Amino acid sequence: MKSVVYSHTGDPSVLRLVDREVSEPGPGEVRVRVVVSGVNPTDWKSRLGSGGGAAPPFPEVTPNQDGAGVIDALGEGVADLAVGDRVWVYLAGHQRPTGTAQEYTNLPADRVVRLPAGTSFEIGASLGVPAMTAHRALTVAEDGPERLHPGALAGKVVLVAGGAGAVGHAAIQLTRWAGGTVIATVSGPAKAALATAAGAHQVVNYRGEDAAAAIAKVASDGVDIVVEVAAAANSQLNLDVVKPRASIAIYANDGGGEFTLPVRQNMIKNTRYQFVLLYTVGDAALTAAVEDITLALVDSALPVGEGAGLPLHRFPLANTAGAHQAVQDGAVGKVLIDLP
Ligand SMILES: NC(=O)c1ccc[n+]([C@@H]2O[C@H](COP(=O)([O-])OP(=O)(O)OC[C@H]3O[C@@H](n4cnc5c(N)ncnc54)[C@H](OP(=O)(O)O)[C@@H]3O)[C@@H](O)[C@H]2O)c1
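Just so it is clear, the structure is predicted and the values come from calculations on it, not from any experiment.

Student: Just checking my understanding: could you explain the packing of helix α1 (residues 41-48) against helix α10 (residues 320-328) for this structure?
Tutor: The relative placement of two packed helices is expressed as an angle between their axes plus a distance between the axes. Remark: α1 packs on α10, axes separated minimally by 9 Å, with the N-to-C direction vectors making an angle of 110 degrees. As summarised for this structure, α1 and α10 are arranged roughly perpendicular, according to the angle between their axes. Seen from α1, the contacting residues are Pro41, Asp43, Trp44, Arg47 and Leu48; seen from α10, they are His324, Val327 and Gln328. Per-class residue counts for the contact of α1 with α10 are 4 nonpolar, 2 polar and 2 charged.

Student: I'm lost on the nonpolar core in this one. Help?
Tutor: When a protein is soluble and globular, its nonpolar side chains tend to lie buried together. Counting 61 residues, the largest nonpolar core has Trp88, Met132, Val227 and Ile293 as its most contacted members. At 7 residues, the largest contribution of residues to this core is made by helix α9 (residues 283-298).

Student: Quick question: what am I supposed to make of the sheet that holds strand β12 (residues 242-250) here?
Tutor: Strand pairing within a sheet occurs via backbone hydrogen bonds; the two strands may be parallel or antiparallel. Ordered by their spatial adjacency, 6 strands build an open sheet running β10-β9-β8-β11-β12-β13, and the pairing between neighbours is parallel. Unpaired on one side and paired on the other, β10 (202-205) and β13 (272-275) mark the two borders of the sheet. Each strand axis lies, on average, 20 degrees off the axis of its neighbour in the sheet, ignoring direction. Both strand β11 (residues 223-228) and β12 contribute to a ladder of 5 bridges, which runs parallel. Its bridge partner being in β12, Ile225 is matched across the sheet by Ser247. Sheet strands in contact with helix α3 (residues 128-138) are β8 (157-161), β11, β12 and β13, and its direction is about 150 degrees off that of β11. Contacting β8, β9 (181-186), β10 and β11, helix α6 (residues 211-218) runs over the sheet at an angle of about 170 degrees to β10.

Student: Is there a simple way to think about the pairing of β11 in this case?
Tutor: Taken across its 6 residues, β11 has 6 buried, putting it largely inside the fold. Relative to β11, β8 is paired through 3 bridges, and the arrangement is parallel. Counterpart to Val158 in the pairing with β11 is Ile225.

Student: Please clarify how unusual backbone geometry should be interpreted in this entry.
Tutor: Working note: non-glycine residues mostly have negative phi, and peptide bonds are mostly trans. Pro145 follows Gly144 through a cis peptide bond whose omega is 5 degrees. Take Pro145: it is sitting in the loop between α3 and β8. With phi around 50 degrees, Leu91 is a residue other than glycine that occupies positive phi space. Secondary-structure assignment places Leu91 in the loop between β5 (86-89) and β6 (104-108). Classification of Leu91 by relative accessible area gives buried; the value is 3%. With a phi angle near 65 degrees, Arg245 is a residue other than glycine that sits in the positive phi range. Mapped onto the elements of the fold, Arg245 is located in strand β12.

Student: Where do I start with the side chain of His94 in this structure?
Tutor: With respect to the helices and strands, the residue His94 is situated in the loop between β5 and β6. For His94, the residues in contact, after removing those within four places along its chain, are Gln65, Arg111 and Tyr279.

Student: Please explain the site of the ligand as it appears in this structure.
Tutor: Taken together, 24 residues are adjacent to the ligand, and Lys45, Ser187, Lys191, Tyr206 and Asp254 come closest. Between a nitrogen atom of the ligand and a main-chain N or O atom of Gly162, the distance comes to 3.3 Å. In the model, an oxygen atom of the ligand is placed 2.8 Å from a nitrogen or oxygen of the Leu278 main chain. Expressed as a share of its isolated accessible area of 910 Å², the protein-covered part of the ligand is 84%. Mapped by element, the contributors of at least two residues to the shell around the ligand are α1, α3 and α4 (166-177). When its residues are assigned to classes, the shell around the ligand shows 15 nonpolar, 6 polar and 3 charged.

Student: It is not clear to me how α1 should be interpreted in this structure. Could you clarify?
Tutor: Three- or four-residue spacings in an α-helix give side chains the same orientation, since the helix completes a turn every 3.6 residues. All of the buried residues in α1 are Thr42, Asp43, Trp44 and Arg47. Check the buried side of α1 and you find it contacts β3 (29-39), α3 and α10. Once α1 ends, the next one or two residues include Gly49, with phi positive near 50 degrees.

Definitions and limits used
Residues numbered from 1 in each chain as written. Predicted model: local features only at pLDDT ≥ 70, side-chain atom pairs only at ≥ 80, totals over all residues. Heavy atoms only, no water. Axes fitted to C-alpha atoms, helices over the stretch in contact; angles between N-to-C directions. Helix = DSSP H or I, 4+ residues; strand = E, 2+ residues; numbered from the N terminus. Parallel < 35°, antiparallel > 145°, perpendicular 65-115°, else oblique. Contact = heavy atoms within 4.5 Å. Nonpolar A, V, L, I, M, F, W, Y, C, P; charged D, E, K, R; others polar. Core = buried A, V, L, I, M, F, W, Y, C linked by side-chain atoms within 4.5 Å. Buried < 20%, exposed > 50% of the residue type's maximum accessible area, 1.4 Å probe, protein only. Pairing = 2+ DSSP bridges. Near = heavy atom within 4 Å. Polar contact = N/O pair within 3.5 Å; in protein donor to acceptor, adjacent residues only side chain to side chain. Areas by Shrake-Rupley, 256 points an atom, 1.4 Å probe, with all protein chains shown as cover.

Structure, rendered in structure tokens:
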């Protein structure tokens with residue numbers, strides 16, 4: 001099979017297209033014939049590692065956590081999946097050397113989820129990192145909800161920072177599906193159009209207007225949940241617009257890794273800060289995300305593509321380096337790799 005690998009960390013040129021044997025899935029594993037591999041910032045960050053040729057965690061690593069395809073073989077003891085099932089996968093390369101940038105990949109059965117009938121591989125390959133992160137960010141508030149379903153966010157106002165980002169897009173869609181009101185921030189008109197297409201009720205340009213005032217106009221009682229990609233940059237804005245007992249779920253350090261918090265203003269609002277990292281979120285949160293995302297897919301609530309607010313950028317496996325570079329360069333939308 002064709003596989004993309006790297007043996008040294010560094011820029012995308014460390015990625016090599018090679019031929020490898022297809023291996024049998026071990027006990028509790030399944031083998032998936034990958035149809036579409038999804039690329040996320042975590043994939044290039046892992047590939048870059050500490051940079052400069054430092055060794056990756058395994059002698060040879062195939063990148064990319066997300067993907068979708070068809071089950072091709074079952075390992076011993078796997079009962080609830082079948083050969084021929086159309087599936088999406090998550091955390092394919094977490095603590096394992098084999099991600100989805102190859103024709104076949106083996107992974108634990110609990111990281112392999114059936115796609116509902118009618119859900120495309122493009123959608124499947126766009127779910128893992130973005131949708132599961134968004135799900136976690138939306139389900140950590142003190143006043144709930146702990147799970148998402150239609151009506152779960154009824155009466156809640158969610159502020160999605162960066163509504164044209166991959167995680168932001170999933171957060172908007174999941175909030176809409178769950179019945180919440182969504183305000184998204186963006187940096188310009190093109191991204192405003194995408195966030196609106198994703199379903200945001202209101203879009204605020206955080207660069208061009210008084211964002212706090214614009215958000216307050218829509219959320220006169222304040223925001224219940226913030227899904228935050230740039231915690232340091234938006235720290236004061238968030239504190240200005242949240243209502244008492246709001247949660248600010250921080251899943252990235254885009255634009256700055258440190259910030260200070262005014263104790264009194266946070267105390268007065270009983271603010272809750274919840275940090276989110278998919279790799280360490282725990283099995284209960286992963287299972288909840290899988291189950292709720294599956295229900296959202298059945299309701300066709302998570303479409304992708306320009307018309308749905310997430311333009312697709314497609315690359316062949318042989319140009320996985322180009323796909324990584326595109327994500328690293330801040331491609332707007334979703335970068336996908338089509339397998340031969
Ligand atoms: N913790 C986790 O488990 C987890 C999971 C997924 C992703 N992440 C991380 O989250 C980040 C985003 O991932 P992604 O796949 O969504 O990337 P993406 O598609 O590139 O989106 C990032 C978005 O953030 C926006 N942004 C940057 N600064 C902003 C600010 N000050 N206010 C509002 N929006 C801002 C960008 O828009 P503008 O530049 O136009 O503002 C862009 O739309 C990456 O750092 C990634 O590594 C973490």
